[in-house]
Amino acid sequence: MKYRSKEQTAYAALIEGAIRPGPPLLAGAAAGLGKTHGFTIPLVASGKKISIAMSTRQLIDQFLESDALKQALTTRPATVVALQTRRSFDTQQQYREHKEKAFSADVLVITHAAALIDTWMPGYANLRDRDVVLFDEADLLADAADLRNTFSIDADILEACKANEMAHLEAAKAVKDKADTTEDKAAATAIIYALENPAWYKEVGKDESGALILKHRMPGRMLKRLVADTKRCIFTSGTLQVAGRFDYFSKALGLDSIAAESKHIDPVVHGSLAVRVSSKDLSSKQMADQIMAAERPTLVLTTSHALTAELGALCTSAVVRAAGEPLTNAVARCTDDGILIAAGAWSGLDAPRLRWKTVVIPKTPYLRPTILDGRQVTRYLDSKVVAIRRTNQGFHRGLRTPDANCTLLLLDPRSSRDELRQAIPERFKVDWEAFAEGSRVLPSHLSAERTRSNALRAPAIKEHGQKCSHEGCVVTELHQLDVHHLKPIAEGARLTVLSDVVVLCKNHHADAHQFMKMADLQATNDE
């Protein structure tokens with residue numbers, strides 16, 4: 001089989017070489033390389049029992065109609081079945097017959113959710129009987145696991161069960177006894193188990209709305225048992241690496257070891273990308289003006305449905321994805337020269353009809369922190385990794401073909417931070433330093449400030465408290481706190497006293513320098 005590029009050929013060879021028992025293979029492939037062709041053809045041609053896990057049902061539907069699968073089936077006839085849920089059938093007998101057909105198929109296509117269920121319910125998808133299980137868009141597995149591992153009892157349910165003033169364990173037991181729905185009883189059962197069997201990676205507490213939440217710190221580790229029991233697992237995606245290493249992904253999934261041949265393959269040449277980053281905070285109106293002036297078709301990737309609606313109201317000609325609307329439906333409503341504003345569209349948006357000329361990311365897509373009982377239980381590292389991953393996925397929506405030309409508009413100044421620049425591959429040669437006045441001195445300024453802060457750190461935290469002083473921020477973890485000098489080091493050497501500094505989390509500390517909001521911070525300190 002002839003592949004379209006040297007990189008796609010190398011990727012296919014990597015997959016082909018892993019069709020045998022062994023430790024998990026991590027096969028990174030930048031978007032646009034053509035990884036679907038690269039893994040489908042060798043897997044089908046192998047004659048082995050294969051399972052391919054995809055993140056959504058929509059992506060499965062696209063795969064079943066894809067040229068990649070059609071070409072693969074010309075090399076070797078094979079039966080391909082997508083596993084359905086029980087609700088897709090009228091009777092239990094129909095469902096049973098479907099599962100028998102699926103389990104006997106040469107290629108079984110499933111969702112990530114189905115794989116997670118099979119981890120704890122062997123036989124649900126019979127993945128342990130497969131020679132190879134490949135997870136496409138594998139960087140989303142932790143998110144899928146998080147959805148299955150986060151249990152919540154809403155504040156109104158607690159109140160209805162007269163449990164809102166009880167301690168967490170007693171409240172969960174009350175809900176289990178009195179709640180009307182199976183879902184609430186199941187959530188209560190999970191919370192009770194977590195409280196009676198504590199573990200460092202499980203957190204129970206109330207969020208800002210008063211809901212009682214069970215949060216798993218490392219949800220991706222749900223798959224660890226399945227990976228250990230399966231002959232060979234292959235994980236593939238464009239964003240498996242962080243800073244050129246697989247460490248973060250491996251830790252998130254609890255992988256004890258990975259195949260030595262694991263690698264990331266980036267095309268040497270694939271499309272052209274122009275990057276523009278705002279050097280200052282923009283209002284929603286200013287963001288909308290940028291969107292309306294951009295070359296079309298334009299894809300606007302937002303971090304929330306609320307921001308989607310806000311920008312949609314200002315961009316009157318845009319197609320706005322509604323909350324709960326399938327992404328494919330929103331795409332279908334967008335014209336060839338239109339604007340699509342959508343939340344949650346970082347991946348799985350392959351629309352051959354629409355070749356996005358501009359991709360806009362209005363807000364840096366950090367992961368929203370989870371706060372339970374006033375404590376942040378998610379890590380800044382996780383938030384940073386998500387921002388890198390989403391930014392990388394986002395601009396690749398505009399680079400789906402080798403000759404694509406796309407402009408990436410990053411309308412949040414935070415996107416130019418050193419820690420996020422790795423989202424854009426070096427081959428695009430972005431001049432980050434040109435985006436903000438004074439950005440050349442910012443990294444050294446921060447480094448110098450942290451050096452001179454060491455002696456003041458303990459006294460400053462004792463004086464001002466172990467909490468970020470930024471209004472509304474609740475970060476209290478010591479390792480996430482910095483001491484920020486209200487009088488910049490650029491003003492010269494001087495004696496620093498405790499009234500010259502404030503305690504900030506690393507996120508707001510970087511903001512203070514990036515946005516130069518010294519006056520606001522001084523006012524906050526004086527108050």
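The structure displayed is predicted, hence computed values, not measured ones.

Cut-offs used in this document
Residues numbered from 1 in each chain as written. Predicted model: local features only at pLDDT ≥ 70, side-chain atom pairs only at ≥ 80, totals over all residues. Heavy atoms only, no water. Helix = DSSP H or I, 4+ residues; strand = E, 2+ residues; numbered from the N terminus. Pairing = 2+ DSSP bridges. Contact = heavy atoms within 4.5 Å. Axes fitted to C-alpha atoms, helices over the stretch in contact; angles between N-to-C directions. Phe/Tyr/Trp six-rings, centres within 6.5 Å; stacked < 30°, edge-to-face > 60°. Buried < 20%, exposed > 50% of the residue type's maximum accessible area, 1.4 Å probe, protein only. Core = buried A, V, L, I, M, F, W, Y, C linked by side-chain atoms within 4.5 Å. Salt bridge = Lys/Arg side-chain N within 4 Å of Asp/Glu carboxyl O. Lys, Arg positive; Asp, Glu negative; His and termini not counted.

Some details on unusual backbone geometry
Part 1: For the peptide bond that leads from Arg296 to Pro297, omega is 5 degrees, which places it in the cis range.
Part 2: As for its position among the elements, Pro297 is in the loop between helix H13 (284-293) and strand S12 (298-302).
Part 3: In the Ramachandran plot, Asn126 falls in the positive-phi region, its phi being about 55 degrees despite a non-glycine side chain.
Part 4: Within the fold, Asn126 resides in the loop between helix H6 (112-120) and strand S5 (132-135).

Some remarks on the sheet that holds strand S15 (residues 358-361)
Part 1: Taking strand neighbours across the sheet as the criterion, the six strands line up as S11-S18-S15-S12-S14-S13 in an open arrangement whose pairing is parallel. With one partner strand each, in any of the chains shown, strand S11 (272-277) and strand S13 (319-320) form the two edges of the open sheet.
Part 2: Sheet strands in contact with H13 are S11, S12, strand S14 (339-343), S15 and strand S18 (405-410), and its direction is about 135 degrees off that of S14.
Part 3: Seen against the sheet, helix H14 (residues 305-314) touches S12, S13 and S14 and runs at an angle of roughly 155 degrees to S14.

Observations regarding the packing of aromatic side chains
Part 1: Applying the stated criterion across every chain, the model contains four aromatic pairs.
Part 2: Taking 5.1 Å as the distance between ring centres and 10 degrees as the angle between the ring planes, the aromatic pair formed by Phe135 and Phe235 counts as stacked. Of this pair, Phe135 sits in strand S5 while Phe235 sits in strand S9 (residues 233-237), placing them 100 residues apart in sequence.
Part 3: Since its relative accessible area comes to 0%, Phe135 is described here as buried.
Part 4: Look at Phe395 and Phe428: their rings are 5.9 Å apart centre to centre, the planes differ by 85 degrees, and that puts the pair in the edge-to-face class. Residue Phe395 is located in helix H16 (residues 380-396), and its partner Phe428 is located in the loop between S18 and helix H17 (442-464); the two are separated by 33 residues in the primary sequence.

Overview of the nonpolar core
Part 1: Counting residues in hydrophobic clusters, the biggest one holds 35 residues, and the most contacted among them are Ile110, Leu127, Phe135, Leu223, Phe235, Phe249 and Leu253.
Part 2: Broken down by element, the residue count for this core peaks at four residues, all from H6.
Part 3: Here Ile110 is in contact with Ser51, Ile52, Ala53, Met54, Ile60, Leu83, Ala115 and Leu127, once residues within four sequence places are set aside.
Part 4: Counting 31 residues, the second-largest nonpolar core is a separate cluster that includes Ile19, Val44, Met54 and Ala259.

Overview of the sheet that holds strand S8 (residues 212-216)
Part 1: Taken in spatial order, the three strands of this open sheet run S6-S8-S7, and their pairing is antiparallel. Edge positions in the sheet fall to strand S6 (151-153) and strand S7 (202-206), since each of these pairs with one other strand and no more. Each strand axis lies, on average, 15 degrees off the axis of its neighbour in the sheet, ignoring direction.
Part 2: Pairing between S7 and S8: five bridges, direction antiparallel. The partner of Lys202 across the bridge, within S8, is His216.
Part 3: In the packing of helix H10 (residues 182-196) onto the sheet, the strands contacted are S6, S7 and S8, and the crossing angle to S6 comes to about 110 degrees.

Notes on the pairing of S15
Part 1: Here S15 shows two buried faces, one formed by Thr358 and Val360 and the other by Val359 and Ile361.
Part 2: Alignment of S12 against S15, held across three bridges, turns out to be parallel. Following the sheet pairing, Thr298 is matched in S15 by Thr358.
Part 3: Where S15 meets S18, four bridges bridge the pair, whose relative direction is parallel. Within the sheet, the bridge partner assigned to Val359 lies in S18 and is Leu408.

Side note on the pattern of salt bridges
Part 1: A complete count under the given rule lists 16 salt bridges for this structure.
Part 2: Note that Asp136 is salt-bridged to Lys35, the shortest N-O span being 2.5 Å. Of this pair, Asp136 sits in the loop between S5 and helix H7 (141-149) while Lys35 sits in helix H2 (residues 35-45), placing them 101 residues apart in sequence. The pair Asp136 / Lys35 is uniform in exposure class, with both members buried.
Part 3: Where Arg353 meets Asp336, a salt bridge forms, and the shortest distance between an N and an O atom there is 2.8 Å.

Comments concerning the side chain of Lys384
Part 1: Its place among the elements puts Lys384 in helix H16.
Part 2: Within the buried core, Lys384 has no salt-bridge partner, and the shortest N-O distance to an opposite charge, that of Glu419, equals 4.9 Å.
Part 3: Look past the residues within four positions of Lys384 in its chain and what remains in contact with it is Tyr366, Glu419 and Leu420.

By themselves, these are just geometric observations and shouldn't be taken as functional.
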